[in-house]
Amino acid sequence: MADEVPSLAESKLTALVVDDNFVNQTMHHKLLDRLGIKNDVVCNGQEAVDVHCSGRNYDLILMDMEMPILNGIQATKRLREMGIESKIAGVTTRANEGDKKEFMEAGLNDFQEKPLTISKLLSILHRLDFHVQT
């Protein structure tokens, strides 16, 4: 059935959604919830850094590229400099090759264009070896 999605609740995966757009935050949060992935949402890259400084860790970070205060490229670099080993997937509407290359070089593990869908999210999880049955 096309509406069936795997439940990853037993996997205990955690995710952080980093996006300044409320609609995208809500959409990504609900997609992760639908897969049974516990997740938190922050509004910019600085908040993503701060939440990790407070001791929180996540298996997956969905990182927007264009945000105020600290953008996705800067935040990804900073997280990697801090030794954060979470899988980071860049998600953005701006996907020209130069931007994508710079974002990937900042320390991304994967990249996906918005809008994020269940199939795109499952693709990210599969490519990042989260052992998802699709």
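Located above this text is the structure these notes cover.
Reading guide: rules and limits
- Residues numbered from 1 in each chain as written.
- Predicted model: local features only at pLDDT ≥ 70, side-chain atom pairs only at ≥ 80, totals over all residues.
- Heavy atoms only, no water.
- Pairing = 2+ DSSP bridges.
- Helix = DSSP H or I, 4+ residues; strand = E, 2+ residues; numbered from the N terminus.
- Axes fitted to C-alpha atoms, helices over the stretch in contact; angles between N-to-C directions.
- Contact = heavy atoms within 4.5 Å.
- Phe/Tyr/Trp six-rings, centres within 6.5 Å; stacked < 30°, edge-to-face > 60°.
- Buried < 20%, exposed > 50% of the residue type's maximum accessible area, 1.4 Å probe, protein only.
- Core = buried A, V, L, I, M, F, W, Y, C linked by side-chain atoms within 4.5 Å.
- Salt bridge = Lys/Arg side-chain N within 4 Å of Asp/Glu carboxyl O.

Asks: Any details on the sheet that holds strand S4 (residues 87–92)? Residues and values, ideally.
Replies: The parallel open sheet is built from five strands, whose spatial order is S2-S1-S3-S4-S5. For this open sheet the edge positions go to strand S2 (38–42) and strand S5 (110–113), each flanked by a neighbour on one side alone. Between one strand axis and the next, the sheet turns through 20° on average, direction left out of account. Sheet strands in contact with helix H4 (residues 97–105) are strand S3 (60–64), S4 and S5, and its direction is about 145° off that of S5. Against the sheet, helix H5 (residues 118–127) contacts S3, S4 and S5, and its axis sits at roughly 170° relative to S5.

Asks: Describe the packing of aromatic side chains, listing the residues and the values that go with them.
Replies: Throughout the structure, instances matching the rule amount to one aromatic pair. Where Phe103 meets Phe111, the ring centres are 6.3 Å apart and the plane angle is 80°; that geometry is what we call edge-to-face. Residue Phe111 is classed as buried on the basis of its relative accessible area, which comes to 9%.

Asks: Hey, could you go over the nonpolar core for me, with residue numbers and the actual values?
Replies: Counting residues in each nonpolar core, the largest one holds 21 residues, and the members touching the most others are Leu16, Val18, Ile61, Met63, Leu79, Ile88 and Phe103. Residue assignment for this core shows that the elements contributing at least two residues are strand S1 (14–18), helix H2 (45–53), S3 and helix H3 (72–81). Aside from chain neighbours lying at most four places away, what touches Ile61 is Leu16, Val18, His52, Leu79, Ser86, Lys87, Ile88 and Ala89.

Asks: Outline the pattern of salt bridges, listing residues and values.
Replies: What the rule picks out here adds up to five salt bridges. Arg127 is the salt-bridge partner of Asp110, the closest N and O atoms lying 2.7 Å from each other. Placement of the pair is Asp110 in strand S5 and Arg127 in helix H5, with a sequence separation of 17 residues. Linked through salt bridges whose partners overlap, the residues forming this network are Asp19, Asp64 and Lys114.

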